[in-house]
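Geometric and topological summary
Each chain, written out:
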Amino acid sequence: MSTPRRAEITRNTNETQIRVAVNLDGTGQQKLNTGVPFLDHMLDQIARHGLIDLDVDAKGDLHIDAHHTVEDVGITIGQAVAKAIGDKKGIRRYGHSYVPLDEALSRVVVDFSGRPGLEFFVPFKRSMIGTFDVDLTHEFFQGFVNHALVTLHIDNLRGENAHHQCETVFKAFGRALRMAAELDPRAGGTIPSTKGSL
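Because the structure is a prediction, the values reported are computed rather than measured. (Residues numbered from 1 in each chain as written. Predicted model: local features only at pLDDT ≥ 70, side-chain atom pairs only at ≥ 80, totals over all residues. Heavy atoms only, no water.)

All right, on to the pattern of salt bridges then. Throughout the structure, instances matching the rule amount to 12 salt bridges. With a closest N to O distance of 3.1 Å, R19 and D55 form a salt bridge. Here R19 is found in strand 2 (residues 16-23), whereas its partner D55 is found in strand 4 (residues 53-60), with 36 residues between them in sequence. Residue classification places R19 among the partly exposed residues on the basis of a relative accessible area of 25%. Between R107 and D155 there is a salt bridge, with its nearest N and O atoms 3.3 Å apart. Linking R107 in strand 6 (residues 104-111) with D155 in strand 10 (residues 151-158), this pair joins segments that are 48 residues apart in sequence. The network of salt bridges with shared partners includes E8, R19 and D55. (Salt bridge = Lys/Arg side-chain N within 4 Å of Asp/Glu carboxyl O. Helix = DSSP H or I, 4+ residues; strand = E, 2+ residues; numbered from the N terminus. Buried < 20%, exposed > 50% of the residue type's maximum accessible area, 1.4 Å probe, protein only.)

This is the structure we're talking about:
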């Protein structure tokens, strides 16, 4: 077995102070303290379904709202994943997953392309899930792709319950990320690109 691919990133701004540790070859262990309970619940889905060990500690300006915290957690996880994935030799590169939850169904496709791009189509049925503004879901993933340097397509295909819609997105994202980051034994440690780099 190869050495686990791990990284730890600390990111401090005037708005947030965030530390993230990831192990891409983990078992889904998680320690989450963002101050935003629904975000913690969604990050738990990434860890468990992606089999990624994820440790996130965030302090943000929640007295204003959760925007900076959610976006900056996405940024910092993206930075940690980019560092942990390294030179991308031997990875599958592409990953995809469909995940249902009752009436909801989402599809997520990821490419460790080296080019940040997000296509996000989630027609949430309401604007709030408890105290969580659903617009922040997009902000989380935009922050992630900009710093993980991945292309990410997120489509909620069906759904009537906003919580179910959001949860299927995060579960599918965890599983797609797991597939894309996986080492392919047939690849022989090569970079999966005709360019020779990603």
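Turning our attention to the packing of helix 3 (residues 135-148) against helix 4 (residues 162-181). Direction vectors running N to C along helix 3 and helix 4 enclose 15 degrees, while the axes themselves pass 12 Å from each other. Judged by the inter-axis angle, helix 3 sits roughly parallel to helix 4. For the pair helix 3 and helix 4, the sense of crossing is left-handed. Touching T137, F140, F141 and F144 of helix 3 are C166, V169, F170, F173 and L177, all from helix 4. In terms of residue class, the contact of helix 3 with helix 4 is built from 8 nonpolar, 1 polar and no charged. (Axes fitted to C-alpha atoms, helices over the stretch in contact; angles between N-to-C directions. Parallel < 35°, antiparallel > 145°, perpendicular 65-115°, else oblique. Left-handed = near helix turned anticlockwise from the far one by under 90°. Contact = heavy atoms within 4.5 Å. Nonpolar A, V, L, I, M, F, W, Y, C, P; charged D, E, K, R; others polar.)

This part takes up the pairing of strand 5 (residues 94-101). Across the two faces of strand 5 the burial differs, with G95, S97, V99 and L101 buried and Y94, H96, Y98 and P100 not buried at all. In terms of strand pairing, strand 5 meets strand 6 through 8 bridges, oriented antiparallel. Within strand 6, the residue paired with G95 across the bridge is V110. (Pairing = 2+ DSSP bridges.)

Now for the nonpolar core. A general trend in soluble globular proteins is that nonpolar side chains are found buried together. One finds L43, I77, F140 and F141 to be the most contacted residues of the largest nonpolar core, which totals 57 residues. The dominant element in this core, judged by the number of residues it contributes, is helix 4, at 10 residues. Beyond its immediate sequence surroundings of up to four residues, I77 is in contact with V20, L43, L54, V56, F140 and F144. (Core = buried A, V, L, I, M, F, W, Y, C linked by side-chain atoms within 4.5 Å.)

Before going further, it helps to spend a moment on unusual backbone geometry. Notably, L51 is not glycine yet its phi reads approximately 50 degrees, a positive angle. Structurally, the position occupied by L51 is in the loop between helix 1 (37-50) and strand 4. A positive phi is found at K88, a non-glycine position, where the angle reads about 70 degrees. Secondary-structure assignment places K88 in the loop between helix 2 (67-85) and strand 5. Here K88 falls in the buried class, since its relative accessible area comes to 7%.

Right, let's talk about the sheet that holds strand 6 for a bit. Pairing in this open sheet of 4 strands is mixed, and the strands run 5-6-10-7 from one edge to the other. Edge positions in the sheet fall to strand 5 and strand 7 (117-121), since each of these pairs with one other strand and no more. Mean inter-strand twist for the sheet, computed between neighbouring axes without regard to direction, equals 10 degrees. Here 5 bridges tie strand 7 to strand 10, and the two strands are oriented parallel to one another. Directly across from L118, in strand 10, lies its bridge partner L152. Against the sheet, helix 3 touches strand 7 and strand 10, its axis set at about 160 degrees to strand 7.

Right, let's talk about empty space enclosed by the protein for a bit. Inspection of the entire model under this criterion finds 1 cavity of 30 Å³ or more. For the largest cavity, the calculated volume is near 40 Å³. Contributing to the lining of the largest cavity are V22, I46, I52, L54, I77, V81, F173 and L177. When residues of the lining of the largest cavity are traced back to their parent elements, those giving at least two are helix 2 and helix 4. Residues that form the lining of the largest cavity fall into these classes: 8 nonpolar, no polar and no charged. (1 Å grid on protein atoms, 1.4 Å probe; cavity = no way out; pocket = protein on both sides within 12 Å on 5 of 7 lines; lining within 4 Å. Points joined across faces, edges and corners; volume = space filled by probe spheres on them.)

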